[in-house]
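# Observations on the model geometry
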Amino acid sequence: MEYRICEMPAFRFAGVMARVPLTFEGESPAIAALAAGITPEQRAEMHRLQDVGPREVVNVSWDSDTDFMEESGTLWHLIGVLTTAHEAGAGLDVVAVPARTWAVFPSDGSFPAAMQETTAAIYGTWLAEAPYELDGFRMFSFSRQRADGTAYSEVWVPVRRRV
């Protein structure tokens, strides 16, 4: 499975967030509604705050009732950007992230299926074989969607070397 390791200093996510049902396949109606509710002012504020790479609008998921192992329960989901700012305007939430090592998994193909298959392989196969283990459950991803229904995506998972 293709991946790279990336060291990141502490940063923050700034965006809109809600507790949503965990969805493994297809588009999540709750996340789609969260995205549709982002105001022009919130978009402008996210653009202003965005100063940490990857400089993309990201989807962040954490605190699943089932630790992402089964499609049930809920999790926190944030749509936003990476920033060094401590505060945000326009009603955006700010979530601190400590310095971490991240395993970054690219995918390219049908959206959202290719990214969801990559995520399933990370948790179902890669973690069992890799010299890394999870270092918290705050993962994030971004997708550059194309008009033909495909997308380039990356899934970022916090990891540490196994001891």
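Residue indices begin from 1 for each chain and proceed along its sequence in written order. Whole-chain, interface and lining totals are the exception, using all residues; otherwise, since this is a predicted model, local features are given only for residues with pLDDT of at least 70 and side-chain atom pairs are given and counted only at 80 or more. To obtain the side-chain values, all non-hydrogen atoms of the structure were used and water was disregarded.

## Overview of the overall build of the protein
If you tally the helices and strands in the protein, you get 3 helices and 9 strands. Secondary structure of the protein in N-to-C order comes out as β-β-α-α-β-β-β-β-α-β-β-β. Throughout, the radius of gyration refers to the C-alpha atoms, and the reference size of a globule is 2.2 Å times the residue count to the power 0.38. Relative to a compact globule of 163 residues, whose C-alpha radius of gyration would be 15 Å, the protein shows 15 Å and is just as compact. In terms of principal-axis extent, the alpha carbons of the protein reach across some 45 × 35 × 30 Å. In this scheme, a residue with accessible area under 20% of its type's maximum is buried, one over 50% is exposed, and one in between is partly exposed, where area comes from a 1.4 Å probe on protein chains only. The buried share of the protein, reckoned over its 163 residues, is 45%. Contacts were defined at the residue level, with two residues in contact if any of their heavy atoms lie within 4.5 Å. Once local pairs closer than 6 in sequence are excluded, the contacts in the protein between residues at least 24 apart make up 76%. Positive and negative side-chain charges of the protein, numbering 13 and 22 respectively, have mean locations separated by a distance of 7 Å. Helix and strand labels come from DSSP, where a helix needs a run of H or I of at least four residues and a strand needs a run of E of at least two; each type is numbered from the N terminus. Charged residues are defined here as Lys and Arg on the positive side and Asp and Glu on the negative side; His and the ends of the chain fall outside this count. To locate a charge, the coordinates of NZ of Lys, CZ of Arg, CG of Asp or CD of Glu are taken.

## Some thoughts on the pairing of strand β8 (residues 139–145)
DSSP-based pairing: two strands are paired if at least 2 bridges between them are found. Pairing of strand β3 (residues 58–62) with β8 involves 3 bridges; the strand directions are antiparallel. Directly across from Asn59, in β8, lies its bridge partner Ser141. Counting the residues in the hairpin turn of β8 and strand β9 (residues 150–161) gives 4 residues, including Gly149, whose phi is positive at 90°.

## What to know about the layout of surface pockets
The computed volume of the largest pocket comes to approximately 940 Å³. Two kinds of site are reported from a 1 Å grid over the protein atoms alone, namely cavities, where a 1.4 Å probe fits but cannot get out, and pockets, open sets with protein on both sides within 12 Å along at least five of seven lines, and residues are called lining when an atom falls within 4 Å of a point. As for the largest pocket, its lining consists of 34 residues, and the residues nearest its centre are Ile31, His77, Met115, Gln116 and Ser141. Counting only elements with at least two residues in the lining of the largest pocket, the list comes to β2 (11–21), α1 (29–36), β3, β4 (74–83), α3 (113–129) and β8. The dominant element in the lining of the largest pocket, judged by the number of residues it contributes, is β8, at 6 residues. Space inside the second largest pocket adds up to approximately 150 Å³. Grid points are joined across faces, edges and corners, and a volume is the space filled by probe spheres set on the points.

## Here's the deal with the environment of Glu87
Turning to its location among the elements, Glu87 is positioned in the loop between β4 and β5 (93–97). Put simply, Glu87 and Val97 are 10 residues apart on the chain and 14 Å apart in space, counted from C-alpha to C-alpha. Apart from residues no more than four positions distant in its own chain, Glu87 is found in contact with Leu49 and Val94.

## Things to note about the side chain of Ser141
Within the secondary structure layout, Ser141 lies in strand β8. The buried category is assigned to Ser141, whose relative accessible area is 8%. Residues contacting Ser141, with those up to four places away along its chain left out, are Val57, Val58, Asn59, Met115, Glu154 and Val155.

## Things to note about the packing of aromatic side chains
Ring pairs (aromatic) are described by centroid distance and by the angle formed between their planes. Only rings of Phe, Tyr and Trp enter the pairing, Trp through its six-membered ring, and a pair is recorded when the two centres are within 6.5 Å. The plane angle decides the type: under 30 degrees is stacked, over 60 is edge-to-face, the rest tilted. A complete count under the given rule lists 11 aromatic pairs for this structure. Aromatic side chains Phe11 and Phe13 sit 5.2 Å apart centroid to centroid with 90° between the ring planes, which places their arrangement in the edge-to-face category. Under the relative-accessibility criterion, Phe13 is labelled buried at 1%. Here the aromatic rings of Phe11 and Trp102 are separated by 6.3 Å at their centres, their planes lie at 40°, and the arrangement is tilted. Of this pair, Phe11 sits in strand β2 while Trp102 sits in strand β6 (residues 100–110); the two residues are 91 residues apart in sequence, bridging distant segments of the chain. By relative accessible area, which is 1% here, Phe11 ends up buried. Taken together, the aromatic side chains of Phe11, Phe13, Trp102, Phe140 and Trp156 make up a single cluster linked through ring pairs. Against the face of Trp62 rests Arg138, its NZ or CZ located 5.1 Å from the ring centre. For a Lys NZ or an Arg CZ to count as sitting over a ring, it must be within 6 Å of the ring centre and within 35 degrees of the ring normal.

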